[in-house]
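Observations on chain architecture
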Amino acid sequence: MTIARLVINPGSPAAWEVQLKPGANSLGRGPANDFQITDPSISGLHCQIAVEAGRVVLRDLGSTNGTFVNRAPVKEAVLQNGQTIHLGGVMMTFYSDAPGTAAAPVAAPAAGLPPPRVSAAAHVARTATQDTVAAAPPVAAPVSAPATVTGSQPCKFHPKSPGRWHCPQCQRFFCDFCITTRTIGATQMKVCRQCGVEVAPVQVAVGEEQGFFVRLPGVFAYPFKGAGPFVLVVSMIVLAALDFVGVMFGFILKALFYGYLFAFMQNIIHSTASEDEELPGWPAWDDIGGCVLRLAGALLFSFGPAIGLFWYAIYNEEPTAGVAMIPAMIFGCFYFPMALLAVAMKDSPIAGNPLVVLPAIVKVPLEYIVTVILMAAVIAVRQGGEMALAAIFPRGLTTHSMVKLFEMFGARLVWNFVALYLLAVNMRILGLVYMTRKRRFGWFER
């Protein structure tokens, strides 16, 4: 039987190992995976590694930031012993005892890791020995990070993002998503995921870093950059089909529609947070259930009090509760955008709780007020369009005229395109709030 394993973050204090089971092994950020890797640069269901008879096959599952073997992007590859794999910004090394998987010459095991083909018992014994004896001096003295580096280059794994951190050992630049934080005593250090060496902050050149208000006018052109129009057209058709099926067949498929819509929104927020300037591709279908839960969490934390007051007023015939529902609903509308941003970035429905959301609002009050006003205006335009369609086609699907029916479908498709455009603008604005003020939020500092 083939024994295959992955060493994640090799060569660093944060290194850990997983043993792949026979058959399919899923890796990703979502909790439903066989091996969960909670890093923002990894997709919910990122890739699959199949341990088959005599070989191990890696397959990318439509991830946002890609899968790389020995630095080369791959969709599917047969893994060789000792190869380096990158899932987004996370590095790992593959080891296997399968025959015919000789070590790849371009990827040597990192210092301090057990060599390939070592049995599990020998590895445990060696680790125990290392824990009880004094550590030997390192072959090469660790490189200390300088105070500040001037002159940024693009991030190694996100070429469209400026590198804000520099590793003095591998001499590479990384964005915020591609480094990790290590706590030593009471001190927190930013370290390179590959080398485990402390990274230095990069002084971004004048004109390279733009604030929220400088970037804001560009949000309206953002959906049309690159392949954006094509993505919007295909998403329009998919969402129209899901919306129609949901109307015809009930609640579950309607939830599927909103789950896919949230996946589309989260993709835009993550892409913007990574400083990409083009609309990302279509969302994967792997985590629709999780998307429904995350959206429900943001809605519940935002509008739960108003809904509770409404039902209390109905069942107890309490007019005071009905009056109190109005300010609760207004507060929910103000609260919801930040709750949505927190849930999308932290990838968890409980991230919409007040302990996360309210401090974040306080940290960026001006940007957030402008964001809420713009989002309210966009939502008002969208609702106005829905009301106009209802007025033009009052009978909807019950019309007896085929001409009217086709006209309604055509108008609905066009309006779905406009609605998706407005949605992309909304999510781009939210992503910009995080991207330009991420250090104030401090959500991923620990």
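Structure: above.
Throughout, a residue's number is its position along its own chain's written sequence, starting from 1. For a predicted model such as this one, the threshold for reporting local features is a pLDDT of at least 70, and the threshold for listing and counting side-chain atom pairs is 80 or more; totals across whole chains, interfaces and linings nevertheless cover every residue. Heavy atoms from the whole structure form the basis of all side-chain values; hydrogens and water molecules are not counted.

1. Points about the nonpolar core
As used in this record, nonpolar core signifies buried Ala, Val, Leu, Ile, Met, Phe, Trp, Tyr and Cys residues forming a set joined through side-chain atoms within 4.5 Å. Only protein chains enter the accessibility calculation, which uses a 1.4 Å probe. A residue is then buried if its area is under 20% of the maximum for its type, exposed if over 50%, and partly exposed in between. If you look at the biggest cluster of nonpolar residues, it comprises 55 residues, and the most contacted ones within it are Met338, Leu340, Leu341, Met427, Phe441 and Trp443. In this text, helices come from DSSP runs of H or I with a minimum length of four residues, and strands from runs of E with a minimum of two, each type numbered from the N-terminal end. Elements with a contribution of two residues or more to this core: helix 3 (228-249), helix 4 (251-273), helix 5 (288-316), helix 6 (319-346), helix 7 (354-363), helix 8 (365-392) and helix 9 (402-441). It is helix 9 that contributes the most residues to this core, 14 residues altogether. Contact partners of Leu340, with chain neighbours within four places excluded, come to Phe262, Met265, Leu295, Ala298, Met427 and Leu430. Core analysis: the next-biggest nonpolar cluster, separate from the first, contains 23 residues, Leu27, Cys47, Val56 and Val74 among them. Any two residues whose heavy atoms approach within 4.5 Å are treated as being in contact.

2. A look at the sheet that holds strand 5 (residues 47-52)
Either a parallel or an antiparallel arrangement is found when strands of a sheet pair, and the pairing is made through backbone hydrogen bonds. DSSP-based pairing: two strands are paired if at least 2 bridges between them are found. Taking strand neighbours across the sheet as the criterion, the five strands line up as 4-3-5-6-9 in an open arrangement whose pairing is mixed. With partners counted over all chains shown, the strands left at the sheet margins are strand 4 (35-36) and strand 9 (76-78), one partner each. Across five bridges, the pairing between strand 3 (residues 23-28) and strand 5 is antiparallel. In the sheet register, Leu27 faces strand 5, and the bridge partner there is Cys47.

3. A short note on the pattern of salt bridges
Only one rule defines a salt bridge in this text: a Lys or Arg side-chain nitrogen within 4 Å of an Asp or Glu carboxyl oxygen. Here the structure, examined in full by the defined rule, presents 12 salt bridges. A salt bridge links Lys225 to Glu277; the shortest N-O distance between them is 3.9 Å. Residue Lys225 is found in the loop between helix 2 (212-215) and helix 3, and its partner Glu277 is found in the loop between helix 4 and helix 5; the two are separated by 52 residues along the sequence. With relative accessibility at 30%, the residue Glu277 sits in the partly exposed group. Where salt bridges share partners, they join Glu52, Arg55, Arg59 and Glu76 into one cluster.

4. Some remarks on the packing of aromatic side chains
For Phe, Tyr and Trp, where Trp contributes only its six-membered ring, two rings pair if their centres lie within 6.5 Å, and the inter-plane angle classes them as stacked under 30 degrees, edge-to-face over 60, or tilted in between. Tallied over the entire structure, the rule returns eight aromatic pairs. Ring centres of Phe303 and Phe336 lie 6.0 Å apart, and the angle between their planes is 35 degrees; on these two criteria the pair is classed as tilted. Here Phe303 is found in helix 5, whereas its partner Phe336 is found in helix 6, with 33 residues between them in sequence. The class of Phe336 is buried, set by a relative accessible area of 18%. Judged by centre distance (5.2 Å) and plane angle (80 degrees), the ring pair of Phe334 and Tyr368 falls under edge-to-face. With a gap of 34 residues between them, Phe334 in helix 6 and Tyr368 in helix 8 connect regions that are remote in the sequence. On the accessibility criterion, Phe334 (30% relative accessible area) is partly exposed. Of the aromatic side chains, those joined through ring pairs into one cluster are Phe310, Trp311 and Tyr315.

5. Remarks on the sheet that holds strand 10 (residues 84-87)
Strand order in this open sheet of six strands is 2-1-11-10-7-8, and the pairing throughout is antiparallel. Strands at the two margins of the open sheet, each flanked by one partner only, are strand 2 (16-20) and strand 8 (72-73). Sheet analysis places strand 1 (residues 4-8) next to strand 11 (residues 90-96), joined by five bridges and oriented antiparallel. Across the sheet, the residue bridging to Ile8 is Met92, located in strand 11.

The values reported here are purely geometric and, on their own, carry no functional implication.
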